[in-house]
Amino acid sequence: MATRQTRTLARFMMAPSVLLLLVWMIVPLAMTLWFSFQNYNLLNPANVSFAGLFNYKYFYTDPAFFQSIANTLILVGGVLVITVVGGILLALLLDQPIFGQGIVRILVISPFFVMPPVAALVWKNMIMHPGYGVLADIARFFGATPVDWFAQHPLLSIVIIVAWQWLPFATLILLTALQSLDGEQKEAAEMDGAGFLDRFRYLTLPHLARAITVVILIQTIFLLGVYAEILVTTNGGPGYASTNLAFLIYRTALLGYDVGGASAGGVIAVILANVVAIFLMRAVGRNLDR
Amino acid sequence: MARRVSTQSRIAWTIAAWAVALLIFFPILYTVLTSFKTEAEAIAGISLIPSGTFENYVEVQSQRDYFKPFMNSVVISVGSTLLALLVAIPAAWSMAFSPTRRTKDILMWMLSTKMMPAVAVLVPIYLIFRDGGLLDTRIGLTVMLTLINLPIVVWMLYTYFREIPGEILEAARMDGASLVSEILYVLTPMAVPGIASTMLLNIILAWNESFWTIRLTTTNAAPLTAFIASFSSPQGLFWAKLSAASTLAIAPILIMGWFSQRQLVRGLTFGAVK
């Protein structure tokens, strides 16, 4: 096949995507970096000056900052644990011989397609509402006092909602991986007298390793940016109890009109995401190259 | 597989699986049921039998003009998907059929742009949109979602195109097929399924995107995500109406999703799990 010509053509065909993404990545990031060193408030836009490291110091010394970092990590970690463990169990369950497997799969995967504001509002109002929610009704039926979820356990409530949204995703991917496991291997192990736990540990789990890594990678990307679920339920409160880093930056930027401060927060968010990404890419790279 | 399964254990597994599945599906089911209740019924305790009123659906349209955000959602998600495909198809095509040493790196780099937290660029994007008159416009949001989903679209298409065997092209050329007929009769039929599933998944992702769609719109271009989020303001309890609006907002995407389970696994894992 022609070489130089096709290669030039290939470059030409790739150019729009690469250029768009390059601009999309560099321009806003450069602006964020620039603003993070400026005193710039939208309420007083005429008065912009160099701020040095003030914005970073301001963000760093804000007690809400550390809380929001902790909340971010708890949110991501909590949802990952619930969805991966729950996903493995669910996938094992759905892999059993059951009647109506197709419909069961559809029911289980459905929450993934529900847009975040709907998911959050349905849980907030219909399920977790302390007065009229389903959980409150059940609690009263058993004579217990209904839990005021968003006042007493704001972060946990959001973890539950987000986990509900992502559990189907983990389940579907793990189930797909599980179904590609060689049936004969399973049978051979069974014949050799390997119990369920042994089979799971030495056969199933290693087979699922790649899928689990992928689930963790993809979910982390999305979970670091959880926003709408917080906006429509707790609005970050009470206090900063359910504010993650994304929400704190939004608050600083669009409610505090503090461009400089929010940009410093943005730079910190990028660094955090990159630290996570490096770890993940390394782990995933190892697993994917196999 | 030659595994014999006793009917008893099969029934036991079936009951367990259905119980868990219904539990997971319950919030959606309950939303749909509530949408057919009156507002008084909606807060009167658990009841799985609604009175069957369509009033909520009528009112969501007549009071809140449901059709407008719905159309915004359609235009923005379909528009951004088509735009992304337009840019991504040539790129994925060339990466799949004439890969270079750097192709893998470029793909990884594209994926890494997804790692950039949206909120980190909220301020500059907001200012650019404000100064460019793009706030609360469909065109602004469409471009935004195109950029966000472009890496996924390129990746997905790449994994599909890579599976088209190159030999088949050579064979067609040997048989004397012209370039045009090669593209029309050999490549297109093989590429269409991959493009279609990419499109489907991307429409789902764009439809549900809930950061930029909420922050960059107010009324004119607000899609369903922003519309539903506006129900969170605590002005009384309108759960039945909220349920009706929610049901309408998720129904089309839910049905599309049911049909695209396989493609979803493939697309969202970048071909790593099939």
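**Overview of the overall build of chain A**
Right, so step 1: Check the secondary structure of chain A and you find 13 helices and two strands.
Right, so step 2: Rg of the C-alpha trace for chain A: 24 Å, well past the compact-globule value of 19 Å for 290 residues, more than 25% over.
Right, so step 3: With respect to the three principal axes, the spread of C-alpha positions in chain A is 80 × 75 × 30 Å.
Right, so step 4: Scored against the burial criterion, the 290 residues of chain A give a buried share of 54%.
Right, so step 5: Seen as two clouds, the 15 positive and the 13 negative side-chain charges of chain A have centres 13 Å apart.

**Here's the deal with the overall build of chain B**
Right, so step 1: The helix and strand inventory of chain B stands at 13 helices and zero strands.
Right, so step 2: Moving toward the C terminus, one meets the helices and strands of chain B in the order α-α-α-α-α-α-α-α-α-α-α-α-α.
Right, so step 3: Here the C-alpha atoms of chain B give a radius of gyration of 23 Å, more than 25% beyond the 19 Å that 2.2 N^0.38 yields for 274 residues.
Right, so step 4: The 274 residues of chain B split such that 52% are buried.
Right, so step 5: Restricting to contacts in chain B with at least 6 residues of sequence separation, those with at least 24 account for 74%.
Right, so step 6: Entry remark: accessible area of chain B is about 12200 Å², with carbon and sulfur atoms responsible for 68%.

**Some thoughts on the nonpolar core**
Nonpolar side chains tend to gather and get buried jointly when the protein is soluble and globular.
Right, so step 1: Grouped together as the largest cluster of nonpolar side chains are 176 residues, with contacts concentrated most on Trp24 of chain A together with Phe161, Trp212 and Ile228 of chain B.
Right, so step 2: Of the residues forming this core, the biggest block, 16 residues, is contributed by helix H8 (residues 154-179) of chain A.
Right, so step 3: Those residues in contact with Trp24 of chain A that lie beyond four places of it in its chain are Met116, Val121, Ile125, Met144, Leu147 and Ile148 of chain B.
Right, so step 4: Judged by nonpolar contacts, the second largest core, of five residues, contains Leu217, Ile221 and Leu280 of chain A together with Met115 of chain B.

**Considerations on the side chain of Asn149 of chain B**
Residue and element names in this part refer to chain B.
Right, so step 1: Along the chain, Asn149 falls in helix H7 (residues 138-161).
Right, so step 2: For Asn149, a relative accessible area of 5% puts it in the buried group.
Right, so step 3: Those residues in contact with Asn149 that sit more than four places away from it in its chain are Lys114, Asn202, Leu205 and Ala206.

**So, the interface of chain B and chain A**
Accessible area lost upon the coming together of the parts serves often as the stated size of an interface.
Right, so step 1: Between chain B and chain A, the contact holds 98 residues from the first and 95 residues from the second.
Right, so step 2: Of the roughly 8700 Å² buried between chain B and chain A, counting both surfaces, carbon and sulfur atoms make up 80%.
Right, so step 3: Sorting the residues of chain B by area buried against chain A places Ile24, Met115 and Trp239 of chain B first, and these three jointly supply 8% of that buried surface.
Right, so step 4: Our count for the contact surface shared by chain B and chain A stands at zero salt bridges.
Right, so step 5: The tally of links between chain B and chain A comes to nine residue pairs in polar contact (both at pLDDT 80 or more).
Right, so step 6: Looking at the side of chain B that touches chain A element by element, the count peaks at 18 residues for helix H1 (residues 7-34) of chain B.
Right, so step 7: A breakdown of the residues in the side of chain B that touches chain A according to their chemical character gives 71 nonpolar, 18 polar and nine charged.

**Focus: the environment of Phe112 of chain A**
Right, so step 1: As for its position among the elements, Phe112 of chain A is in the loop between helix H4 (101-109) and helix H5 (116-127).
Right, so step 2: For the pair Phe112 of chain A and Gln165 of chain A, spaced 53 residues apart in the sequence, the C-alpha separation amounts to 5.1 Å.
Right, so step 3: Beyond its immediate sequence surroundings of up to four residues, Phe112 of chain A is in contact with Gln165, Trp166, Pro168 and Phe169 of chain A together with Asn208, Leu264 and Leu268 of chain B.

**A look at the packing of H7 of chain B against helix H13 (residues 261-268) of chain B**
Residue and element names in this part refer to chain B.
Right, so step 1: Contact pair H7 / H13: the axes reach a minimum separation of 9 Å and the direction vectors enclose 105°. In terms of orientation, H7 and H13 fall into the roughly perpendicular class. Every residue of H13 that contacts H7 at Met156, Thr159 and Tyr160 is listed here: Gln263, Arg266 and Gly267.
Right, so step 2: Its residues assigned to classes, the contact of H7 with H13 shows two nonpolar, three polar and one charged.

**Re the packing of aromatic side chains**
Right, so step 1: Inspection of the entire model under this criterion finds 28 aromatic pairs over all chains.
Right, so step 2: Geometrically, the ring pair formed by Phe65 of chain A and Phe66 of chain A is edge-to-face, given 5.1 Å between the ring centres and 65° between the ring planes.
Right, so step 3: The class of Phe65 of chain A is buried, set by a relative accessible area of 6%.
Right, so step 4: Judged by its relative accessible area of 47%, Phe66 of chain A falls in the partly exposed class.
Right, so step 5: Judged by centre distance (5.2 Å) and plane angle (25°), the ring pair of Phe26 of chain B and Tyr30 of chain B falls under stacked. Here Phe26 of chain B and its partner Tyr30 of chain B are both found in helix H1, four residues apart, which amounts to about one turn of the helix.

**Here we look at unusual backbone geometry**
Residue and element names in this part refer to chain A.
Right, so step 1: Of note in this structure, Asn235 is not a glycine but carries a positive phi near 55°.
Right, so step 2: Locating Asn235 in the fold gives a position in the loop between helix H11 (228-232) and helix H12 (245-255).
Right, so step 3: Given a relative accessible area of 39%, Asn235 falls into the partly exposed group.
Right, so step 4: Even without a glycine there, the phi angle at Tyr257 is positive, about 55°.
Right, so step 5: The class for Tyr257 is partly exposed, based on a relative accessible area of 35%.

**A closer look at helix H3 (residues 63-94) of chain A**
Right, so step 1: For H3 of chain A, built from 32 residues, the straight-helix expectation of 46 Å at 1.5 Å per residue is met to within 8% by its first-to-last C-alpha distance of 45 Å.
Right, so step 2: Of the residues that open H3 of chain A, the one with a side-chain oxygen 3.0 Å from the backbone nitrogen of Ala64 of chain A is Asp62 of chain A.

**Considering the environment of Gln96 of chain A**
Right, so step 1: Inspection of the secondary structure puts Gln96 of chain A in the loop between H3 and H4.
Right, so step 2: On the basis of relative accessible area, Gln96 of chain A is assigned to the buried category, the value being 19%.

**Description of the domain arrangement of chain B**
All names here are of chain B.
Right, so step 1: By domain assignment, chain B separates into domain 1 (1-64 + 233-254) and domain 2 (66-223).
Right, so step 2: Here the C-alpha centroids of domain 1 and domain 2 sit 33 Å apart.
Right, so step 3: Domain 1 puts eight residues into the contact, and the matching count from domain 2 is seven residues.
Right, so step 4: With both sides pooled, the region where domain 1 packs onto domain 2 buries about 640 Å², and carbon together with sulfur makes up 64% of that total.
Right, so step 5: Its largest share of buried area at the contact with domain 2, domain 1 owes to Gln61, Leu248 and Ile253, together 63% of the area lost on that side.

**Notes on the pattern of salt bridges**
Residues and elements named next belong to chain B.
Right, so step 1: Tallied over the full model, the rule gives three salt bridges over all chains.
Right, so step 2: The salt bridge involving Glu59 is made with Lys241; its shortest N-O contact spans 3.1 Å. A residue pair is termed long-range when its members are at least 10 positions apart, and Glu59 in helix H3 (residues 55-64) and Lys241 in helix H12 (residues 239-259) qualify at 182 residues. As far as burial versus exposure is concerned, Glu59 and Lys241 are alike and both buried.
Right, so step 3: Put simply, Arg130 and Asp131 hold a salt bridge, and the shortest N to O gap is 3.2 Å.
Right, so step 4: Assessed through its relative accessible area of 38%, Arg130 is described here as partly exposed.
Right, so step 5: By relative accessible area, Asp131 is classed as exposed at 60%.

Definitions and limits used
Residues numbered from 1 in each chain as written. Chains lettered and ligands numbered in written order. Predicted model: local features only at pLDDT ≥ 70, side-chain atom pairs only at ≥ 80, totals over all residues. Heavy atoms only, no water. Helix = DSSP H or I, 4+ residues; strand = E, 2+ residues; numbered from the N terminus. Rg over C-alpha atoms; globule rule 2.2 N^0.38 Å. Buried < 20%, exposed > 50% of the residue type's maximum accessible area, 1.4 Å probe, protein only. Lys, Arg positive; Asp, Glu negative; His and termini not counted. Charge placed at Lys NZ, Arg CZ, Asp CG, Glu CD. Contact = heavy atoms within 4.5 Å. Areas by Shrake-Rupley, 256 points an atom, 1.4 Å probe, with all protein chains shown as cover. Core = buried A, V, L, I, M, F, W, Y, C linked by side-chain atoms within 4.5 Å. Buried area = accessible area lost by both parts, 1.4 Å probe. Salt bridge = Lys/Arg side-chain N within 4 Å of Asp/Glu carboxyl O. Polar contact = N/O pair within 3.5 Å; in protein donor to acceptor, adjacent residues only side chain to side chain. Nonpolar A, V, L, I, M, F, W, Y, C, P; charged D, E, K, R; others polar. Axes fitted to C-alpha atoms, helices over the stretch in contact; angles between N-to-C directions. Parallel < 35°, antiparallel > 145°, perpendicular 65-115°, else oblique. Phe/Tyr/Trp six-rings, centres within 6.5 Å; stacked < 30°, edge-to-face > 60°. Expected span 1.5 Å × (residues − 1). Domains from an automatic or database assignment.

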